[in-house]
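Overview (structure and organization)
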Amino acid sequence: MHISRRMGGVTLALALTLLAGASGVSAAGPSGHSGEYGRHYLADGSEYPGVLCRYDPDLQNFSGVKVDAPFVFAANTTSGLDRQQVAWGFRIQSQASDAGATWHTLYTSPLQTARASDRRDAAFTRMSAHIDPTTVDTSKVYRVQVLAYWYRDGQQSGRARHTVQWYHGGSFEPSFGPGGYCPGFIF
C-alpha cells in the first residue's frame, strides 16, 4: 500500500485510520509532547518499518539509518484554516544490550522545515545518517527517535518525540519490532 503525501486532510485521515488497522501507522513507542502541537503520525509497522538499518558490507557493523519522514500537521487552534512552520529531525541512540541500560544519544540530525496546515501535512522527505562503522560498538543496539516541532512567530511553540518501533535490515533481514532496534553487528 502506498501513502501519498499530497492527499487532502480528510482522505489522509481516512487512509491513516485504515492503515492503523493494518499495522502501518503508529503513535510509536514512548513519547513526549509539550506546548501547542498538531496531529502527527509515523508510518511505522511490520509491513512498513519506520527505519532502514544500514550495515558496512565488509565489516557487517552498523553504519547508519534511513528514517521515513513523519506526517506533521499544523496545530488546529482556530475555527478556520490554520497554517504554520513545522520541522522534523531524528536522533540515533545506543544502549548496551542489557535491557535496563541507559540510552545515549550518538547522533542528532539537522532539522527539515516546511509549511503545514491543519488539513494538509508538511511535504517532508526521508532523511539518513552515516555512522563510521569502525567506531561502532558491536555489542550495543541502536534505536531512532523522531522529533517534531511547531513554530509561532519564529519561536518554537510545541514539540513531540516518538521512538520508532519497527526496523528493517535491508534485503537480508526481515522487519524486527515492536520495540525493535538496529543490532550493532549482523552475522
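Each remark here, short or long, concerns the structure printed above.
Heads up: these notes are all about the structure in this document. (Residues numbered from 1 in each chain as written. Predicted model: local features only at pLDDT ≥ 70, side-chain atom pairs only at ≥ 80, totals over all residues. Heavy atoms only, no water.)

**With respect to the side chain of T163**
Rule in force here: Secondary structure elements are taken from DSSP: a helix is a run of H or I of four residues or more, a strand is a run of E of two residues or more, and numbering for both begins at the N terminus. Per-residue accessibility, obtained with a 1.4 Å probe over protein chains only, is compared with the maximum for each type, and a residue is labelled buried under 20%, exposed over 50%, and partly exposed between these values. We call two N or O atoms a polar contact when they sit within 3.5 Å, provided that within protein one can donate a hydrogen and the other can accept it, with sequence-adjacent residues counted only if both atoms are side-chain atoms.
The residue T163 is located in strand β12 (residues 155-163) in this model. With relative accessibility at 5%, the residue T163 sits in the buried group. At 3.1 Å, the side chain of T163 and the side chain of Q145 are in polar contact.

**Section: the pairing of strand β7 (residues 83-96)**
Selection criterion: For two strands to be treated as a pair, DSSP must find no fewer than two bridges joining them.
The element β7 is extensively covered by neighbouring structure, given that ten of its 14 residues are classed as buried. The pairing of β7 with strand β11 (residues 140-152) spans eleven bridges and is antiparallel. The residue of β11 that forms the bridge with R91 is Q145. By the bridge criterion, four bridges tie β7 to strand β8 (residues 104-108) in an arrangement that is antiparallel. Residue R91 lies in a different strand from β8, and its bridge partner there is T108.

**A closer look at the side chain of D56**
Basically, it comes down to this: Charge assignment in this entry is limited to Lys and Arg as positive and Asp and Glu as negative, and neither His nor the chain termini are counted. Any Lys or Arg side-chain nitrogen found within 4 Å of a carboxyl oxygen on Asp or Glu counts as a salt bridge. We call two residues in contact when some of their heavy atoms are within 4.5 Å.
Mapped onto the fold, D56 is located in the loop between β4 (51-55) and β5 (62-67). Buried and unpaired, D56 has no salt bridge, with R54 as the nearest side chain of opposite charge at 10.0 Å. Within the structure, the side chain of D56 is placed 2.9 Å from the backbone nitrogen of D58, a separation counted as a polar contact. Leaving out residues up to four positions away in the same chain, D56 has contacts with N61, S63 and P133.

**Re the sheet that holds strand β13 (residues 167-168)**
Here four strands make up an open sheet; going across it, the order is β10-β5-β4-β13 and the pairing mixed. In this open sheet, the two strands that pair with only one neighbour each are β10 (127-130) and β13.

**Concerning the packing of aromatic side chains**
Rule in force here: Each aromatic pair joins two rings of Phe, Tyr and Trp (for Trp, the six-membered one) with centres within 6.5 Å, and gets the label stacked for planes under 30 degrees apart, edge-to-face for over 60, and tilted for any other angle.
Taken as a whole and judged by the stated rule, the model has five aromatic pairs. Relative to F62, the ring of Y55 lies with its centre 6.1 Å away and its plane at 70°, an arrangement referred to as edge-to-face. The interplanar angle of 10° and the centroid separation of 4.5 Å between the aromatic rings of F62 and Y142 together place this pair among those described as stacked. Pair noted here: F62 is in strand β5 and Y142 is in strand β11, with a separation of 80 residues, a long-range link.

**Observations regarding the state of the cysteines**
Let me state the cut-off plainly: When the sulfur atoms of two cysteines come within 2.5 Å, that pair is taken as a disulfide.
On inspection of all chains with the given rule, the structure shows one disulfide. Two residues, C53 and C182, share a disulfide whose sulfurs are 2.0 Å apart. Note on the C53 and C182 pair: the S-S dihedral is about -85°, so by sign convention the disulfide is left-handed. Taken together, the positions of C53 in strand β4 and C182 in strand β14 (residues 182-183) put the pair 129 residues apart, joining distant regions of the chain. We note that C53, like C182, is buried.

**Notes on the pairing of β11**
With ten of 13 residues buried, β11 is to be regarded as a mostly interior element. Pairing of β11 with β14, which is carried by two bridges, proceeds in the antiparallel orientation. Note on β14: the bridge partner recorded for V141 is P183. As judged from the eight bridges shared by β11 and β12, these two strands associate in the antiparallel manner.

**A closer look at the pattern of salt bridges**
Inspection of every chain in the model, using the stated rule, returns two salt bridges. A salt bridge links R152 to E36; its shortest N-O distance comes to 2.9 Å. In this pair, R152 is assigned in strand β11 and E36 in the loop between β2 (31-35) and β3 (40-43), connecting sequence segments 116 residues apart. Judged by its relative accessible area of 31%, E36 is partly exposed. A salt bridge links D68 to R126; the shortest N-O distance between them is 2.8 Å. Here R126 lies in the loop between β9 (112-117) and β10 and D68 lies in the loop between β5 and β6 (71-72), a separation of 58 residues in the sequence. The exposure class of R126 is partly exposed, given its relative accessible area of 47%.

Such coordinate-based values are descriptive only and should not be taken to indicate function.
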